[in-house]
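# Reading the structure
Each chain, written out:
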Amino acid sequence: MKDLINSIENLKNSEISEVIQSRINDFSKVRNMSIKEIFVELCFCIMTANCGAEKCIEIHNLIGEEFLNLSEEGLVQKFKEYGYRFPNVRANYIMNARDCKNALSQILCSSQNRLTLRDNIVKTIKGLGYKESSHFLRNIGFTDYAIIDFHIVDLLVTHKLIEKPKTMSKSKYLEIEEVLINLGASLGLNMAELDLYLWYLETGKILK
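Below: a short report on this structure.

Rules and cut-offs
- Residues numbered from 1 in each chain as written.
- Predicted model: local features only at pLDDT ≥ 70, side-chain atom pairs only at ≥ 80, totals over all residues.
- Heavy atoms only, no water.
- Helix = DSSP H or I, 4+ residues; strand = E, 2+ residues; numbered from the N terminus.
- Buried < 20%, exposed > 50% of the residue type's maximum accessible area, 1.4 Å probe, protein only.
- Contact = heavy atoms within 4.5 Å.

Looking now at unusual backbone geometry. Of note in this structure, N50 is not a glycine but carries a positive phi near 60 degrees. Inspection of the secondary structure puts N50 in the loop between α3 (35–47) and α4 (53–63). The exposure class assigned to N50 is exposed, which follows from its relative accessible area of 57%. Residue K160 is not a glycine yet carries a positive backbone phi of 60 degrees. By the element assignment, K160 lies in the loop between α10 (150–158) and α11 (170–187). Using a relative accessible area of 73% as the deciding quantity, one classes K160 as exposed.

Encoded structure:
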């Protein structure tokens with residue numbers, strides 16, 4: 001754990017910290033946007049499950065506001081045209097999510113603790129589990145969530161903070177999340193910041 005803390009402390013004192021803070025600021029701006037703009041960001045997070053982030057960013061940018069009005073068939077065709085891996089099932093999830101915009105808006109505006117808020121997102125939006133819901137909330141400015149994907153898991157395993165899970169159940173996700181909360185506290189970082197530092201350490205990139 002000491003080596004990991006030292007690596008992150010070094011990054012905090014480098015130019016990477018400015019890039020990360022800029023990205024955090026970008027996320028915070030989304031939280032104050034309209035539900036339509038927040039929904040477009042939700043579509044990105046629906047897309048990312050088991051798909052490469054960079055490819056999803058590219059396709060998401062190409063479709064943009066069309067997520068708001070394309071038919072399911074039209075979205076499937078766009079996904080296929082741009083080489084997205086799961087055109088049919090994710091287009092269906094996005095159509096279902098479009099029907100839940102009002103419910104989503106109410107959830108985001110309600111006063112809930114971090115666990116209840118995420119649970120309600122998972123229950124409301126078909127196709128979002130704990131990882132994707134955390135991703136969505138992080139990307140719209142909620143700073144107390146990290147995305148526990150295989151990059152983060154591998155890094156924590158390497159530094160012997162966790163054992164590699166056989167499956168990512170809810171209880172296992174929450175268990176690993178507690179490790180990250182404690183790590184962030186020791187570094188003076190919120191979960192969103194810690195997530196970006198860890199992702200950079202593992203991949204050499206800062207995406208979203």
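Turning to α4, its buried residues number three or more, namely C56, I57, I59, H60 and I63. Buried residues along α4 sit in contact with α3 and α5 (72–82). Immediately downstream of α4, the backbone of G64 shows phi near 55 degrees, a positive value.

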